[in-house]
Amino acid sequence: MALQMHRESNSSGSSGKQQMDASKYVRYTPEQVEALERVYAECPKPSSLRRQQLIRECPILCNIEPKQIKVWFQNRRCREKQRKEASRLHTVNRKLTAMNKLLMEENDRLQKQVSQLVYDNGFMRQKLHTASATTTDTSCDSVVVSGQQQQLNPTPQHPQRDANSPAGLLAIAEETLAEFLGKATGTAVDWVQMIGMKPGPDSIGIVAVSRNCSGVAARACGLVSLEPTKLAEILKDRPSWFRDCRCLDVVSVIPIGNGGTIELIYMQTYAPTTLASARDFWMLRYTTSLEDGSLVICERSLTSSTGGPSGPPITCFVRAEMLPSGYLIRPCEGGGSIIHIVDHIDLDAWSVPEVLRPLYESSKIIAQQMTMAALRYARQISQETNGEIQCSGGRQPAVLRALSQKLCRGFNDAVNGFIDDGWSIMGSDGVEDITIAINSSPSKFFGSQCNSLSMLPTFGGILCARASMLLQDVPPALLIRFLREHRSEWADYGVDAYCAASLKASPYAVPCAKLGGFPSSQVILPLAQTVEHEEFLEVVRLEGHAFSPEDIALSRDMYLLQLCSGVDETSGACSQLVFAPIDESFGDDAPLLPSGFRVIPLDSKTDGHGATRTLDLASALEVGPGGARPAGEVDASNQNLRSVLTIAFQFAFENHYRDSVAAMARHYVRSIVGSVQRVAMAIAPSRLSSHMVPKPLPGSPEAVTLAQWICRSYRMHVGRDLFQVDSQAGDAVLKQLWHHTDSIMCCSVKMNASAVFTFANQAGLDMLETTLVALQDIILEKILDEAGRKTLLSEFSKIMHQGYAYLPSGVCVSSMGRLISYEQAIIWKVVNDDNSNHCLAFMFINWSFV
């Protein structure tokens, strides 16, 4: 009996297992799969209710359990994830294969360069051994010149050819092609890889600059997911990606029998600052294909030495020379292209003041503004084409690029003030630090959008106030970040309100006399950014706050379209902040009147006669290499960080207000120059020098009282004095607190509100990299890391009951994003005369930047 029951039990268990297996594996019909795929396309992860609803709505799924449908969706999501991962790995593998090919070619080129240098070295050694026997024979001097130098300074010997004929132009083009290929893939130039440009599947590519060659040159090679012909069209359209290109006119196009074309091109470029002339180029561009299927676009200037037609004479430009340069585009296996870019230019550096000459002698600047800009733009277009970049704010990427380009172009036009655009210089007030230019025909900037303004009977035009200054020991990226994040430190709300009102088709007045009367705060709303985040476009909302009834009309919110670039300190590139007032619902073709700042680093090619403070550049230009330095200037030969700052602000004006707006603009830009000088002094890296100008001591009675509260509360809670007071003067405590070596700062404590800094001594401002005015924009939780916030939270109750607490060593962050380490921190309550809690005081001991 028991045996029979056991057999029945085994039989029932086997039957249950078969049923379980049958329910575990379900074979779906094509109709069922199609119905499930439709739902998956709408919702890849449906809820339990949605799955039950699906079974009710689709009769073909009624024989499938809800649990099995859940498993199907899980498997489907897993397959989709595997497919995307396989596609990603395939793309990475293709990039790595192409990058490996590039690196192998680069290695071959370097091997050739090493062989050439070894040969030159051996030849020079042999010449030195036989120098005594050949002192009178100089016929071998031409042989000693290395092959590298021969290719750098070619001297074409074609006195009989007609360079103006198609055959003569083709001969010039073929010479240009040979010299360009020698630079792109050979050893015609001694290339040195730029710091930080490491090749990889996601990097921009291999970037190198020239060393010891005529002119300045840069080279880049990388991968772009575009076909060669499409890539060639993008690169030929230089004004779309080269922000300093004012215009590029194709004067003549000559077809060549080999399927290529020769173009005669005239190009104008903007000057980067107000104290130098713009450049222009008269060039030949040759487009052809090589036997291996590669596409080549090469170009060079046509000069008296090369021959060819003469270019148009322009009086307000300096004629620069484009040495053999161009693009080598090779198709890549699996799609895309491998591109080699060479830019080799002689900018006639001797025509600019000596202090600005590094701008025109730096291969690094050419690499960043031309070579890398072309490669970045091509990569940006390829990612947009492949759908890798999502649209922001409902605007297409092409529209956002056009807005960025319009901002840059408008700012460059303001800085340069070309006569053929209608600009003319207005008489000065006797001081030549600020230049005022007027344009009475701004239709070239606004186009058809200008009609609503110019129809006003009183509309006068556009006025621009611009200035340049030399900065010492101030990183350009740091300064631009500060100006962007702390607008209240230099901007005036009344002037912003005037600029916003002046772009509307209604009469407007000169800003009120009480500058800075309407405080405002800013909110930054991101719009777009480039692939490598070196440039970003954003909308800034300025929130006005009125303190009296008469200010309410002017205290409305305003909006700026803002472009910021070069804020990464490691890049060493030009840093720029450009903005223009816009309406809240601005269109894609909205008129823009850009203003802003540009800071360009200067290479350390000076003789060490730099100043330890910010100087006006115009005065620096008057001091030659052997001239006397101003009295306040000290030798800083160990400091090589110099840069030139250019400021340009534009204002629309009515006819009867022209002189008033000019006076306002001159006064406003002078105040901005003073603010920038103070900011530059505040954020300059700390140096152990007695010549450092200290930050001004706050002298208000409130500051004196607060200093007394801080010291008295420290003694009351901690049980010892913060420091010994050396004098009985009323402000003695404040002075000693201000100059205390440790960082001391106060933070407000309010319910349901962020803790904001209200006071800091000089060391505290240095640590936070800010000023007393901008200090109130910094909240406590922004400077503490996660560990510091947790520790403060755990010790807060102790601080409130005991009066103080110690924090262990840790790391915090300055307002500029730099890491700061400290050995210990002390926090204590600061109480007022009524023994009520006023704020919290922090003292960071032995802090330093990481």
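Each residue is numbered by its place in its chain's sequence as written, counting from 1. Per-residue local features are limited, in this predicted model, to residues with pLDDT of at least 70; the limit for side-chain atom pairs, both in listing and counting, is 80 or more; totals at the level of whole chains, interfaces and linings are taken over all residues. Calculated side-chain values reflect all of the structure's heavy atoms, with hydrogen atoms and water omitted.

(A) Inspection of the overall build of the protein at higher detail. Labels follow the DSSP assignment, with helices taken as runs of H or I lasting at least four residues and strands as runs of E lasting at least two, numbered in each case from the N terminus. Check the secondary structure of the protein and you find 24 helices and 29 strands. Exposure classes here rest on a 1.4 Å probe applied to the protein chains alone. A residue is buried below 20% of its type maximum, exposed above 50%, and partly exposed in between. Counting the 850 residues in the protein, one finds 49% classified as buried. The contact rule is simple, with two residues in contact once any of their heavy atoms fall within 4.5 Å. In the protein, once contacts between residues fewer than 6 apart in sequence are set aside, the share between residues at least 24 apart is 65%. To measure how exposed things are, a 1.4 Å probe is used in the Shrake-Rupley method; for residues, cover is taken only from the protein chains shown. Taken as a whole, the protein presents about 41100 Å² of accessible surface, with 53% of it coming from carbon and sulfur.

(B) Representation of the pattern of salt bridges in the model. A side-chain nitrogen of Lys or Arg and a carboxyl oxygen of Asp or Glu constitute a salt bridge if their distance falls within 4 Å. A full pass over the atoms with the stated rule returns 22 salt bridges. Glu 37 is paired through a salt bridge with Arg 76; the nearest N and O atoms lie 2.9 Å apart. One end of the pair, Glu 37, is in helix α2 (residues 30–42); the other, Arg 76, is in helix α4 (residues 66–129), and 39 residues separate them in sequence. Among the residues examined, Arg 76 registers a relative accessible area of 15% and is labelled buried. The partner of Asp 190 in a salt bridge is Arg 211, and the shortest N-O contact between them spans 3.0 Å. Of the two residues, Asp 190 sits in the loop between α7 (166–184) and β1 (191–193) while Arg 211 sits in the loop between β2 (206–210) and β3 (216–224), which places them 21 residues apart along the sequence. With a relative accessible area of 11%, Asp 190 lands in the buried category. Relative accessible area serves as the criterion here: at 43%, Arg 211 is assigned to the partly exposed category. Linked by salt bridges that have partners in common, Glu 37, Arg 76, Glu 80 and Arg 83 make up one network.

(C) Broad picture of the sheet that holds strand β23 (residues 757–760). Here we have 5 strands laid out as an open sheet, ordered β23-β22-β28-β27-β24, and antiparallel in their pairing. Each edge of the open sheet is held by one strand with a lone partner, namely β23 and β24 (804–807). Mean inter-strand twist for the sheet, computed between neighbouring axes without regard to direction, equals 20°. In the packing of helix α19 (residues 701–718) onto the sheet, contacts are made with β22 (743–747), β23, β24, β27 (824–831) and β28 (837–845), and the angle to β27 comes to roughly 110°. Here an axis means a line fitted to C-alpha atoms, over the contact stretch when the element is a helix, while the angle between two N-to-C directions is reported on a 0 to 180 degree scale. Taken strand by strand, helix α24 (residues 786–802) contacts β24, β27 and β28, and its axis lies near 155° from that of β24. DSSP-based pairing: two strands are paired if at least 2 bridges between them are found.

(D) Molecular detail of the packing of helix α3 (residues 48–57) against α4. With their axes 10 Å apart at the nearest point, α3 and α4 run at an angle of 110° to one another. Regarding the angle of α3 to α4, the classification is roughly perpendicular. Note on packing geometry: the crossing formed by α3 with α4 is right-handed. Residues Arg 51, Leu 54 and Ile 55 of α3 lie in contact with α4, whose contacting residues are Pro 66, Ile 69, Lys 70 and Phe 73. Residues of the contact of α3 with α4, tallied by class, amount to 5 nonpolar, no polar and 2 charged. Oblique is the label for any angle not covered by the other classes, which are roughly parallel (under 35 degrees), roughly antiparallel (over 145) and roughly perpendicular (65 to 115). Should the near helix be turned anticlockwise from the far one by less than a right angle, the crossing is left-handed, and should it be turned clockwise, the crossing is right-handed. By the convention adopted, Pro, Cys, Tyr, Trp, Phe, Met, Ile, Leu, Val and Ala count as nonpolar, Lys, Arg, Asp and Glu as charged, and the other residues, Gly among them, as polar.

(E) Here's a closer look at α7. A helix's residues, less one, multiplied by 1.5 Å, set its expected span. Over its 19 residues, α7 runs 26 Å from end to end, which matches the ideal 27 Å to within 8%, given 1.5 Å per residue. The set of residues buried in α7 consists of Gly 168, Leu 169, Ile 172, Ala 173, Thr 176, Leu 177, Glu 179, Phe 180, Gly 182, Lys 183 and Ala 184.

(F) Region of the structure containing the state of the cysteines. A pair of sulfur atoms, both from cysteines and within 2.5 Å, is called a disulfide here. Inspection of every chain in the model, using the stated rule, returns 0 disulfides. There is no disulfide at Cys 408, and the cysteine sulfur nearest it, in Cys 574, is 9.0 Å away.

(G) Representation of α19 within the structure. With 18 residues, α19 should reach 26 Å at 1.5 Å per residue; the first-to-last C-alpha distance of 26 Å fits that figure. Inspection of α19 places Ala 703, Val 704, Leu 706, Ala 707, Trp 709, Ile 710, Cys 711, Ser 713, Tyr 714, His 717 and Val 718 among the buried residues, and these make up the whole buried set. In the stretch just after α19, Gly 719 is the one whose phi turns positive, near 95°.

(H) Quick peek at the sheet that holds strand β26 (residues 819–822). The antiparallel open sheet is built from 3 strands, whose spatial order is β25-β26-β29. Each edge of the open sheet is held by one strand with a lone partner, namely β25 (810–813) and β29 (848–849). Judged from the 2 bridges that link them, β26 and β29 form a sheet pairing that is antiparallel. Within β29, the position partnered with Ser 821 by the bridge is Ser 848.

(I) Spotlight on the packing of helix α15 (residues 476–485) against helix α18 (residues 658–683). The geometry of α15 relative to α18 is characterised by a closest axis approach of 10 Å and an angle of 120° between their N-to-C directions. In terms of axis orientation, α15 runs oblique to α18. Remark: the crossing between α15 and α18 carries right-handed chirality. Residues Leu 478, Leu 479, Phe 482 and Leu 483 of α15 form the contact with α18, whose participating residues are Val 676, Val 679 and Ile 683. Its residues placed into classes, the contact of α15 with α18 shows 7 nonpolar, no polar and no charged.

(J) Representation of the pairing of strand β5 (residues 261–269) in the model. Most of β5 is tucked away: 8 of the 9 residues are buried. Pairing geometry for strand β4 (residues 245–255) and β5, over 9 bridges, is antiparallel. Residue pairing in the sheet places Asp 249 in a bridge with Tyr 266 of β5. If you look at the hairpin formed by β4 and β5, you'll find 5 residues sitting between the two strands, and Gly 259 has a positive phi there, around 95°. Inspection of the sheet shows β5 paired to strand β6 (residues 278–289) by 9 bridges, in the antiparallel sense. By the bridge assignment for β6, Thr 269 is matched with Arg 279.

Taken by themselves, the reported measurements are silent on function.
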